[in-house]
Amino acid sequence: MKYVIKTFGCQMNFSDSERIMTLMKENGFNPLDNSNDSKLKTEEIIKADLIIFNTCGVRASSEHRVFGQINNIIKASESANIPKNKRPKIIVTGCSAHRADFQKTLQDKVDLFTSIKDFPQALRKLNLLQTEEQEYRDYLSIQPQYKYSDTAFVPIMTGCNNFCSYCVVPYARGREWSRPVEDILKEIKNLADKNYKEVTLLGQNVNSYQFTVHGSQPKEITFPMLLDILAKQFPEITFKFLTSHPKDCSMNLIKVIKNNKNIPNELHLPIQAGSDKVLKDMNRPYTQEYYLNLINKIRKEIPKIKITTDVIIGFPTETDEDFQETVKVFRQVKFAEAFLNKYSPRPGTAAYHLGDPVPWSVKKKREKELSQLLQQNNHQSSR
Ligand code: SF4
């Protein structure tokens, strides 16, 4: 039995796909091309018995690509005269899989929609599960098939409790859940034994990591503590992490970065918008002043720290004046890099009812302004 997996979105999804690949192997499936994001052509893909789409619901464009690829698979199967009962089965998982409108668009073309946590049960429903699903109750405990042989992504938590008004993640992945410290240590020890040189710890908000280690005196392990333990226990590995919410970024974390040589002096701290009004509408509970103060405090500890960010351009309530507040932050902080995302409304989120009143041309113009500022900053810092 052959399968293909197509992965969309963030590193968390790519990491989840590495775990799905193990699950497939244990159930007698072989990958058609050994990749957790197959780039095979549609004519090749339809030779598989099962095609898995691990979707991302953060942007509409990503979902449109899934619609397009599934339509192409159906058309190619028809052109190749493959009878309906012999066509590859299609499973859709990931962040879009739970949404009723997404399912409705694909209902005649997809065999099963499932959350990543319920993936083994999905295989059982399609009569494809050969092992006991009990083993997979906590999917993060599945040993992944890493894509690379020297760097790895290791999830430490999943889910989110923040409910930013534009974001699907809390609905798609559920509430925050932190992995046991022991499991994380075991996975990283295994990587160290295989000579891995770099590990990126993943979570929707790594700073929310919290796990109680039970013993004669129960101990609460926070993210800075976990990072410190890992950095000291595995000095040969460089540790990176993604992503940090500004409201939860503590100076303890900054001290851990400063005090461990194997944690690079870099921090990804998504601001999303510079205007206090827009931040409030986004349900991001901090202000521009708070963010700038935080950056100042961080740079006092580590002057050369490389700070990167994410911005959403053209949130429905963002006026030109609001946007200029983001420009102001860019001028002050001089980010080393920024991921600029043009807003698209996502069904099911709190902001969806606000529509999408900022024209695409305005979003493009604002994006260009921030890109130019970034280029100027980088040009100045390289002189
Ligand atoms: S912190 Fe906000 S943007 Fe990030 S995953 Fe949670 S809800 Fe989404």
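Residues numbered from 1 in each chain as written. Predicted model: local features only at pLDDT ≥ 70, side-chain atom pairs only at ≥ 80, totals over all residues.

Digging into the packing of helix H9 (residues 251-259) against helix H11 (residues 288-301)
Two elements in contact, H9 and H11, have axes whose closest approach is 10 Å; the angle formed by their N-to-C orientations is 30°. The pairing of H9 with H11 is recorded here as roughly parallel in orientation. When the axes of H9 and H11 are compared, the crossing they make is right-handed. Contacts between H9 and H11 involve Met251, Ile254, Lys255 and Lys258 from the first element and Lys297, Ile298 and Glu301 from the second. The class makeup of the residues in the contact of H9 with H11 is three nonpolar, no polar and four charged. (Axes fitted to C-alpha atoms, helices over the stretch in contact; angles between N-to-C directions. Helix = DSSP H or I, 4+ residues; strand = E, 2+ residues; numbered from the N terminus. Parallel < 35°, antiparallel > 145°, perpendicular 65-115°, else oblique. Left-handed = near helix turned anticlockwise from the far one by under 90°. Contact = placed C-beta atoms within 7 Å. Nonpolar A, V, L, I, M, F, W, Y, C, P; charged D, E, K, R; others polar.)

Some points on the pairing of strand E11 (residues 219-222)
Of the strand pairs in this sheet, strand E10 (residues 210-213) and E11 are connected by four bridges, and their pairing is antiparallel. Its bridge partner lying in E11, valine 213 is registered against lysine 219. Counted between consecutive antiparallel strands, the loop separating E10 from E11 contains five residues. (Pairing = 2+ DSSP bridges.)

As for helix H1 (residues 11-26)
Under the 1.5 Å per step criterion, the end-to-end length of H1 is 23 Å for 16 residues, consistent within 8% with the ideal 22 Å. Positive phi appears at glycine 28, one or two residues downstream of H1, with a value of about 85°. (Expected span 1.5 Å × (residues − 1).)

Observations concerning the sheet that holds strand E9 (residues 198-202)
Reading across the sheet, the three strands line up as E6-E9-E12 and stay open at both edges, with parallel pairing between neighbours. Edge positions in the sheet fall to strand E6 (151-155) and strand E12 (238-242), since each of these pairs with one other strand and no more. For this sheet the average axis-to-axis angle between neighbouring strands, irrespective of direction, equals 25°. The pairing of E6 with E9 spans five bridges and is parallel. Pairing of proline 155 across the sheet is with leucine 202, part of E9. Sitting on the sheet, H1 is in contact with E6, E9 and E12, with an inclination near 95° to E6. Each of E6 and E9 is contacted by helix H7 (residues 181-193), which is oriented at about 175° to E6, the strand it contacts most.

Considering the site of the ligand
By nearness alone, every residue bordering the ligand is listed as Cys160, Asn162, Phe163, Cys164, Cys167, Val169, Pro170, Gln204, Asn205 and His245. Residues that form the shell around the ligand fall into these classes: six nonpolar, four polar and no charged. (Near = placed C-beta within 6 Å.)

Re the sheet that holds strand E4 (residues 89-94)
The pairing of strands in a sheet happens through backbone hydrogen bonds and is either parallel or antiparallel. What the five strands build is an open sheet, ordered E2-E1-E3-E4-E5; its pairing is parallel. Both edges of this open sheet fall to strand E2 (30-31) and strand E5 (112-113), since each of them pairs with a single strand only. Sheet analysis places strand E1 (residues 2-7) next to strand E3 (residues 50-55), joined by five bridges and oriented parallel. Looking at the pairing, tyrosine 3 lines up with leucine 50 of E3. Here H1 sits on the sheet and contacts E1, E2, E3 and E4; the angle it forms with E1, its principal contact strand, is near 170°. Against the sheet, helix H3 (residues 60-79) engages E1, E3 and E4, with an angle of about 170° to E3.

Observations concerning the domain arrangement of the protein chain
For the protein chain, the assigned domains are domain 1 (2-136), domain 2 (151-255) and domain 3 (265-383). Listed by partner, the interface residues are eight residues for domain 1 and 10 residues for domain 2. Partitioning the side of domain 1 that touches domain 2 into residue classes produces four nonpolar, four polar and no charged. (Domains from an automatic or database assignment.)

Thoughts on the environment of lysine 240
By the element assignment, lysine 240 lies in strand E12. Taking the C-alpha atoms as reference points, lysine 240 and leucine 201, separated by 39 residues in sequence, lie 6.2 Å from one another. What lysine 240 contacts, discounting residues up to four positions off in sequence, is Glu198, Thr200 and Pro264.

Quick notes on unusual backbone geometry
Between leucine 242 and the following residue, threonine 243, the backbone shows a cis peptide bond with an omega angle of -5°. Structurally, threonine 243 is set in the loop between E12 and H9. Phi at lysine 334 is positive, roughly 55°, even though this residue is not glycine. Here lysine 334 is to be found in the loop between helix H12 (320-333) and strand E15 (337-342). The exposure class of lysine 334 is partly exposed, given the 16 C-beta atoms found within 10 Å. (Buried ≥ 20, exposed ≤ 12 C-beta atoms within 10 Å, placed from the backbone.)

Concerning the packing of helix H8 (residues 223-233) against H9
Between H8 and H9, the least distance of the axes is 9 Å, while the angle of their chain directions is 10°. In terms of axis orientation, H8 runs roughly parallel to H9. The segment H8 lies against H9, with Phe223, Pro224, Leu227 and Asp228 engaging Asn252, Leu253 and Val256.

Side note on the environment of lysine 189
Positionally, lysine 189 belongs in helix H7. A tally of 12 C-beta atoms within 10 Å means that lysine 189 is categorised as exposed. Between the alpha carbons of lysine 189 and histidine 64 there is a distance of 40 Å; along the sequence they are 125 residues apart.

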